[in-house]
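Chain by chain, the residues run as shown.
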Amino acid sequence: MSTLPKHVAIIMDGNGRWAKLQDKSRVTGHQQGAKSVREVVEYAVSQNIQFLTLFAFSTENWSRPKDEVSLLMKLLVTYLKKEFTRMLQNNIRLQTVGNIDELPTIVKNELHNVIDKTKNNSGMVLTLALNYGGKEDLTQAMKAIAFKVKNSIISPEKVDQSTINEHLYTRNLPPVDLVIRTSGEERISNFLLWHIAYAELYFTETLWPDFKKEDLQKALTNYAKRERRFGKTSEQLTT
Ligand code: FPP
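Quick caveat, the model's predicted, so the values are computed rather than measured.

1. Considering the overall build of the protein
Consideration 1: Along the protein, the regular secondary structure elements total eight helices and six strands.
Consideration 2: Element order for the protein, N to C, with α for helix and β for strand: β-α-α-β-α-β-α-β-α-α-β-β-α-α.
Consideration 3: Here the protein has a C-alpha radius of gyration of 19 Å; the compact-globule value for 239 residues is 18 Å, and the two agree.
Consideration 4: Considering only C-alpha atoms, the protein reaches an extent of 55 × 45 × 35 Å along its principal axes.
Consideration 5: The proportion of buried residues among the 239 residues of the protein is 47%.
Consideration 6: On the protein, roughly 12,700 Å² of surface is accessible, and the fraction owed to carbon and sulfur atoms is 50%.
Consideration 7: Put simply, the protein has 33 plus and 27 minus side-chain charges, and the middle of one group is 3 Å from the middle of the other.

Okay, here's the thing in structure tokens:
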């Protein structure tokens, strides 16, 4: 069994607390957070991680102050513009999960541009979860399946786990092997609910703007020591 996770998903938390500790604005916290994104993405590529998914903006984040939401959107555009060349150099394919239609046009345009220009890259798949919520994803999938059942496109008896999987925003992703959450919070916060069914969870006190390649290395080393049983016994795994 591989000791390297194929799919790592990160809940990047603690930008605001980092800023408060430094007596800086939340804006600065998010800007520093974007720097960690850059470093972690590059390090993940160097470690041959195949899928990296980052929780960049949740469906719940719209309820933050308007200025903060707009700053996060601007940061995203800046990140995409700045990192585009590096993504090509690193053979990264960008994709998103979540309801992208509701994002500001400038963000959508930049996303479409980078997604299109990196679509033939064969290296790490970088997925940004944007306007994403696990419950919302399951709900839209159930709705799509219900319509297909109603219109006799799918028969109810045929609905199984793969039917549900195929209708999720996350359908192109393999199951998550490792979830990392920074800042000492130990919850999932509506992230990738379906895909984390058997994920290993790693929590660190490090605030996201301080999370650098050494921290990702630590998480990967910790993961490598874990025994993943997927419901089996330890003995069954060794025979
Ligand atoms: C959580 O910190 C972080 C977010 C809600 C947004 C994540 C955004 C970034 C890391 C920056 C830009 C992203 C990309 C992809 C370039 P928080 O604000 O909830 O921190 P707090 O809990 O300490 O207040």
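Here the narrative resumes.
2. Examining the site of the ligand
Consideration 1: The environment of the ligand is formed by 17 residues, the closest being M12, G16, R17, R26 and R64.
Consideration 2: Residue N15 places a main-chain N or O atom 3.1 Å away from an oxygen atom belonging to the ligand.
Consideration 3: Within the side chain of R64, a nitrogen or oxygen atom sits 2.7 Å from an oxygen atom of the ligand.
Consideration 4: Those elements giving two or more residues to the shell around the ligand turn out to be α1 (15-21), α2 (26-46) and α3 (66-89).
Consideration 5: Counting residues per element, the shell around the ligand draws most heavily on α2, at four residues.
Consideration 6: Each residue belonging to the shell around the ligand can be placed in one class, and the counts come to seven nonpolar, six polar and four charged.

3. Remarks on α3
Consideration 1: When the terminal C-alpha atoms of α3 are compared, their 35 Å separation across 24 residues agrees well with the 34 Å that a helix rising 1.5 Å per residue should span.
Consideration 2: The largest bend along α3 reaches roughly 50° and is located at E83.
Consideration 3: Where α3 terminates, the next one or two residues include N91, which has phi positive at roughly 60°.

4. Comments concerning helix α5 (residues 134-150)
Think of an α-helix as 3.6 residues a turn; residues three or four steps apart then line up on the same face.
Consideration 1: For α5, spanning 17 residues, the distance from its first C-alpha to its last is 24 Å, which sits close to the expected 24 Å at 1.5 Å a residue.
Consideration 2: The complete set of buried residues in α5 reads G134, D137, A141 and I145. For α5, the arc enclosing every buried residue in end-on projection is 65°, short of the 170-degree limit, so these residues lie on one face. Among the exposed residues of α5, those oriented more than 90 degrees off its buried face are K135, K143 and K150.
Consideration 3: Turning to α5, the residues buried within the fold contact β4 (125-132) and α6 (161-167).
Consideration 4: Within two residues after α5, S152 carries a phi angle of roughly 60°, on the positive side.

5. Remarks on the environment of H167
Consideration 1: Within the secondary structure layout, H167 lies in helix α6.
Consideration 2: Other than its neighbours up to four places away in sequence, H167 contacts Q140, A141, A144, I145, K148 and I154.

6. Remarks on the pairing of β4
Along a regular strand, successive side chains alternate from one face of the sheet to the other.
Consideration 1: Across the eight residues that make up β4, a large majority, eight, are buried.
Consideration 2: Note that strand β2 (residues 51-58) and β4 share seven bridges and pair parallel. Looking at the pairing, F51 lines up with V125 of β4.
Consideration 3: The parallel pair strand β3 (residues 93-97) and β4, bridged by helix α4 (residues 105-117), forms a crossover whose chirality is left-handed.

7. Some words on the pairing of β2
Consideration 1: Most of β2 sits inside the fold, with seven of its eight residues counted as buried.
Consideration 2: Summarising the sheet, strand β1 (residues 7-11) and β2 pair through five bridges and their orientation is parallel. Each residue of the ladder has a partner; that of I10, found in β2, is L54.

Analysis parameters
Residues numbered from 1 in each chain as written. Predicted model: local features only at pLDDT ≥ 70, side-chain atom pairs only at ≥ 80, totals over all residues. Heavy atoms only, no water. Helix = DSSP H or I, 4+ residues; strand = E, 2+ residues; numbered from the N terminus. Rg over C-alpha atoms; globule rule 2.2 N^0.38 Å. Buried < 20%, exposed > 50% of the residue type's maximum accessible area, 1.4 Å probe, protein only. Areas by Shrake-Rupley, 256 points an atom, 1.4 Å probe, with all protein chains shown as cover. Lys, Arg positive; Asp, Glu negative; His and termini not counted. Charge placed at Lys NZ, Arg CZ, Asp CG, Glu CD. Near = heavy atom within 4 Å. Polar contact = N/O pair within 3.5 Å; in protein donor to acceptor, adjacent residues only side chain to side chain. Nonpolar A, V, L, I, M, F, W, Y, C, P; charged D, E, K, R; others polar. Expected span 1.5 Å × (residues − 1). Bend = angle between axes of the 7 residues up to and from the residue. Arc of directions from axis to C-beta. Contact = heavy atoms within 4.5 Å. Pairing = 2+ DSSP bridges. Right-handed = clockwise from strand over helix to strand, strands pointing away.

The values reported here are purely geometric and, on their own, carry no functional implication.
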